Structures are given as C-alpha cells and as structure tokens.
Amino acid sequence: MSEPLVIPCPHCNGLNRLPAERLGDSPKCGRCKQDVLLARPFDLSEGNYAAQVKGDLPLLLDVWADWCGPCKSFAPVFEQAARQLAGRCRLAKLDSEANRNLAGQLGIRSIPSLILFRNGREVTRQAGAFPLQSLLEWLRSQGI
C-alpha cells in the first residue's frame, strides 16, 4: 500500500488521509461524511483558501467574475475538465468580485486566470480562456 495522500474536504475543510489507490472509490470525509473528491469545481473563498491549498492532490483555481464574458464562456470547459480530472486534480473557482482581498493577494491582474497549486504553493499560472484540449495539455505539461 502506498503512502496516504492528505486531501482537504471541499465542504468542511477537514484534512483526510486517503490511500492513492483508493481515490477512485468516492472517498468520504471523516468529519462531515460528504464526498472529498468532486467531479465538479467547488467554490473557493477567503474563508477556506488557506485550508484548500494544502494537501497532496494539486488544486487548479479558476479566478473569474460574473461580468466577464470570457469567464462565462470558459466555465463549461472548466466543468468538463473537473469531470475528466477527478482523483488527479481538484478544481475550484474564486469569484474575484466577492473575494477582492484574496484576488489582490494572489496578484490577479486579468481574468480568467488559472493558478495551479501543489502542497500549498503556487507552481504556475495561466491567464485567459482556452479550449478543453488546450487546458488538458497545459496540465499534462505540469505533470497532471
């Protein structure tokens, strides 16, 4: 058996230790009993940011705003990517208007912006909306 991965719950922020070979088994949170790995993006905010960037499974963050046309057109692509990457990468969305302080701390200058985190650290970012295949290729180039 491999070393367990630590993965924050997207619902209660509780940290869960999960064996890598069991990620495809729809693991439940030990605290709130909800799904730990989602096949859809979850909402990130100033309140749960610090807890969610932790963990061993990468986190891809889409920073967006409701008034942004490219953000709206990219949303279905991001949803598709979440379904395809479930168990390999967690996907989250940050509303830059509702979370202005956090967007500022992250240095967001244009939206949509994608930020990839590993083990609590930003490893790369990409600005702009692009097709699903391009998104998946970019993530593959990052080892996902």
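See above for the structure.
Note that this is a predicted model, so its numbers are computed, not measured. (Residues numbered from 1 in each chain as written. Predicted model: local features only at pLDDT ≥ 70, side-chain atom pairs only at ≥ 80, totals over all residues. Heavy atoms only, no water.)

Student: For this particular structure, what's the right way to read the side chain of S96?
Tutor: Considering the arrangement of structural elements, one finds S96 in the loop between strand 5 (90-95) and helix 3 (100-105). Ignoring any residue separated from it by four or fewer positions in sequence, one finds S96 in contact with V63, W64, A65, A103 and I111. (Helix = DSSP H or I, 4+ residues; strand = E, 2+ residues; numbered from the N terminus. Contact = heavy atoms within 4.5 Å.)

Student: Got a minute to help me understand unusual backbone geometry in this structure?
Tutor: Negative phi is the rule for most residues except glycine; trans is the rule for most peptide bonds. With an omega dihedral of -5°, the bond running from I111 to P112 counts as a cis peptide bond. Here P112 is to be found in the loop between helix 3 and strand 6 (113-118). Unusually for a residue other than glycine, N119 sits at a positive phi of about 50°. Within the secondary structure, N119 is located in the loop between strand 6 and strand 7 (121-127). Of the residues examined, N119 reaches a relative accessible area of 55% and is grouped as exposed. (Buried < 20%, exposed > 50% of the residue type's maximum accessible area, 1.4 Å probe, protein only.)

Student: Before we go on, may I ask you to explain the pairing of strand 1 (residues 4-8) in this structure?
Tutor: Side-chain direction in a regular strand flips from residue to residue, so the side chains alternate between the two faces of the sheet. With respect to burial, strand 1 is a largely interior element, four of its five residues being buried. Of the strand pairs in this sheet, strand 1 and strand 2 (residues 15-19) are connected by five bridges, and their pairing is antiparallel. Bridge pairing in strand 2 links L5 to L18. What sits between the antiparallel neighbours strand 1 and strand 2 is a turn of six residues, in which N13 has the positive phi angle 70°. (Pairing = 2+ DSSP bridges.)

Student: Before we go on, may I ask you to explain empty space enclosed by the protein in this structure?
Tutor: With a probe scaled to a water molecule rolled over the atoms, the places where space remains empty come into view. This model, assessed by the stated rule, comprises one cavity of 30 Å³ or more. By volume, the largest cavity is sized at about 70 Å³. What lines the largest cavity is P8, P10, V36, L37, L38, R40, F42, A82, C89, R90 and L91. Among the residues forming the lining of the largest cavity, the class breakdown is nine nonpolar, no polar and two charged. (1 Å grid on protein atoms, 1.4 Å probe; cavity = no way out; pocket = protein on both sides within 12 Å on 5 of 7 lines; lining within 4 Å. Points joined across faces, edges and corners; volume = space filled by probe spheres on them. Nonpolar A, V, L, I, M, F, W, Y, C, P; charged D, E, K, R; others polar.)

Student: Explanation requested: the nonpolar core in the structure shown.
Tutor: Burial of nonpolar side chains together is a common tendency in soluble globular proteins. Formed by 21 residues in total, the largest nonpolar core has its most connected members in L61, L106 and F117. Sorting the residues of this core by element identifies strand 3 (42-44), strand 4 (59-64), strand 5, helix 3 and strand 6 as the ones contributing at least two each. No other element matches the four residues that strand 4 contributes to this core. Those residues in contact with F117, other than ones at most four positions away along the chain, are Y49, V53, P58, L59, L61, L106 and E122. If you look at the next biggest cluster of nonpolar residues, it comprises 18 residues, including L60, A81, F130 and L132. (Core = buried A, V, L, I, M, F, W, Y, C linked by side-chain atoms within 4.5 Å.)

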